[in-house]
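Structural overview for review
Residue-level listing of the chains:
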Amino acid sequence: MSVRVRFAPSPTGFLHIGGLRTALYNYLFARHNNGTFVLRIEDTDQSRYVEGAEQDIIDSLEWTGMEIDEGPGKGGDFGPYRQSERKEIYLKYAEQLIENDQAYYAFDTVEEIDEMRERLKKSGNPSPKYDAITRQSMKNSLTLPKDEVEKRLENGDEYVVRLKVPRKETVRFEDEIRGHVSFDTEGLDDQVLLKSDGMPTYHLANVVDDHTMEITHVIRGEEWLSSTPKHILLYNAFGWEAPKMAHLPLIMSPSGGKLSKRKAESEGIPVNTKDYISGNYEPDALVNFLAYLGWSPGDDSEIHSLEELCELFTLDRVSKGGAVFNFKKLMWYNENYIREHSVEELKPRVKALFEESKFEIPSNEFLTEVIELLHERVSKVDEFVSMGAFFFEAPKEYDPNALKKWKDDSPVILKAYRDKIEQLSEEEFEAVTLKDKIKETIEEHEVGFGKLMMPLRVAVSGQGFGPDLTPALELIGKEEVLKRIDLAIEKL
RNA sequence: GCCGCGUUCGUCUAGGGGUCCAGGACGCCGCCCUUUCACGGCGGUAGCACGGGUUCAAAUCCCGUACGCGGUACCA
């Protein structure tokens, strides 16, 4: 049987970076096995539905280069791929379970259930459940006379369908990542399968869909591990074979705990995929980084394209423990990929960014040189703009940090250099010559290289770091360079 | 509380009983290259949570403890 996996996010907001990794692992697994990657939208909670979330998910996947084989908008033989559009299917299966005495109608109101929990808590039960014991004293089709149940259903009374969880049984399953896992049903409650609004809960929908969509491997986050026994019970109740299960370690925040929006962002980590898109990160860097958060190919390699990752990925190499999101490592990946990309590849994106910032690009050659000069120095593609703005305009202000290098004798030395290069013709105003003049100047003043270099850099760029200086001067041009030096001497 | 899952350098990880006084990567530190900023190269720092077994031999297997994380909803 060919491999079929699904990424099944719920459209309750923008795609979380953890969700993206889950998608990635599913995708890699699918491609590695020549299988099918399905996108399924789990929109069964109408109260949490967020407009645009589904599109955000699709856009995010596309940005990273993951191709969806089946899904909403894409089609496929197992649709529809939105759970809200499959409502009748779940109803049918829920009724089937009731018929087979595997599930039952329950008419209790939320208040009545709360009351029951309160009561049990008071009498010393720390974790009251709607289970094999308590269901006997609740209002459901197991306790109510048959005709009353029918009457209530006919009247359109609100009800839910609950799974009849056996009282004392051990549910065992083999997790592809964790190995043998077992739970006692005693700790489970009679899971609601069908909500009173007619929508299925995640548990029912996911089991029905995974089965009817012929999913072979369920690869999802560890937060689902605890509900897996309910799912296994459901597969058994239907008489279906359960797919293979693989529970991924969670991505943690540097301060510990699940990488939640609030926590992550307070620690400087963007949490939504769209933040990485708008933040101009390299998609292949993010993918590479995410792939290695909880997985490794087992050798000493670090850099792999999506295609290579597909080739390398196997579930048995996924680690079990949670993985802390290491932002600096992401940035390392990002730098790496920027350097790997050629100037030509980078150019359209950099051009757009400059234009966004209202800089006028004099010529294609000019832009090429700017990119070349900065290529090895930027961590993120938008830094071409922040770091390279001075190619386009005089610094508006001087970085206070860089100004520490501006000493009392700086104006004198700088002035000397200025007067030297002023003698140069336009044609002579090129990097090598400019560098020679620097040498001349420092020799005459008997100072070190930095004594001139740093003030010059500050005067021209406003910063203490940046591209190779003399080629930058050449690119900016004689007139403008002289102007900036004069301005700096005057202002500083 | 209860249930479950985890635990190798600060972080991501390699490591399936001897070849491990534990390897790689990020970070950090130093040196080299560069009379600037970087890239790059080289080197260093630092870890098997703890306690008991099993075994000639344990990071590796078993049991406990601690700690962490997850779940415990008509949310997914």
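Quick summary incoming for the structure in this document. From a predicted model like this one, the values you see are computed outputs, not experimental measurements.

1. Remarks on the side chain of Lys-437
For Lys-437, the position within the fold is in helix α17 (residues 431-445). Sequence-distant contacts of Lys-437, defined by excluding residues within four places in its chain, comprise Tyr-417, Lys-420, Ile-421 and Leu-424.

2. Description of the protein's contact with RNA strand B
Every one of the 61 residues lining RNA strand B counts as a neighbour, but Arg-178, Lys-195, Arg-377, Phe-449 and Asp-468 are closest to it. A breakdown of the atoms of RNA strand B within 4 Å of the protein gives sugar and phosphate a share of 75%. At 3.4 Å, a side-chain N or O of Glu-42 approaches a sugar or linking oxygen of RNA strand B. With respect to RNA strand B, the backbone of Glu-376 contributes an N or O atom lying 2.8 Å from a sugar or linking oxygen. Elements supplying a minimum of two residues to the surface near RNA strand B: β4 (160-163), β6 (179-184), β11 (323-324), α12 (327-340) and α18 (449-461). Each residue belonging to the surface near RNA strand B can be placed in one class, and the counts come to 22 nonpolar, 16 polar and 23 charged.

3. Things to note about the pattern of salt bridges
Inspection of every chain in the model, using the stated rule, returns 35 salt bridges. A salt bridge links Glu-440 to Lys-437, with the shortest nitrogen-to-oxygen separation between them at 3.4 Å. Placement of the pair is Glu-440 and Lys-437 together in helix α17, with a separation of three residues, close to one helical turn. Judged by relative accessible area, Lys-437 falls into the buried class, the value being 18%. Beyond isolated ion pairs, a larger network of salt bridges with shared partners links Arg-6, Arg-40, Glu-42, Arg-86, Asp-209 and Asp-210.

4. A short note on the packing of helix α16 (residues 410-422) against helix α20 (residues 478-491)
As a packed pair, α16 and α20 sit with axes 10 Å apart at the nearest point and diverge in direction by 160°. The orientation of α16 relative to α20 falls into the category roughly antiparallel. Helix-helix and strand crossings are classified by hand; for α16 and α20 the assignment is left-handed. Along its contact with α16, which presents Pro-411, Leu-414, Lys-415, Arg-418, Ile-421 and Glu-422, the element α20 presents Lys-478, Val-481, Leu-482, Ile-485, Asp-486 and Ile-489. Here the residues of the contact of α16 with α20 sort into seven nonpolar, no polar and five charged.

5. Remarks on unusual backbone geometry
One non-glycine residue with positive phi stands out, namely Asn-280, at about 60°. Looking at the element boundaries, Asn-280 is found in the loop between α9 (273-278) and α10 (283-291). At Glu-446, a position not held by glycine, the phi torsion is positive, near 55°. Its place among the elements puts Glu-446 in the loop between α17 and α18.

How each quantity is defined
- Residues numbered from 1 in each chain as written.
- Chains lettered and ligands numbered in written order.
- Predicted model: local features only at pLDDT ≥ 70, side-chain atom pairs only at ≥ 80, totals over all residues.
- Heavy atoms only, no water.
- Helix = DSSP H or I, 4+ residues; strand = E, 2+ residues; numbered from the N terminus.
- Contact = heavy atoms within 4.5 Å.
- Near = heavy atom within 4 Å.
- Polar contact = N/O pair within 3.5 Å; in protein donor to acceptor, adjacent residues only side chain to side chain.
- Nonpolar A, V, L, I, M, F, W, Y, C, P; charged D, E, K, R; others polar.
- Salt bridge = Lys/Arg side-chain N within 4 Å of Asp/Glu carboxyl O.
- Buried < 20%, exposed > 50% of the residue type's maximum accessible area, 1.4 Å probe, protein only.
- Axes fitted to C-alpha atoms, helices over the stretch in contact; angles between N-to-C directions.
- Parallel < 35°, antiparallel > 145°, perpendicular 65-115°, else oblique.
- Left-handed = near helix turned anticlockwise from the far one by under 90°.

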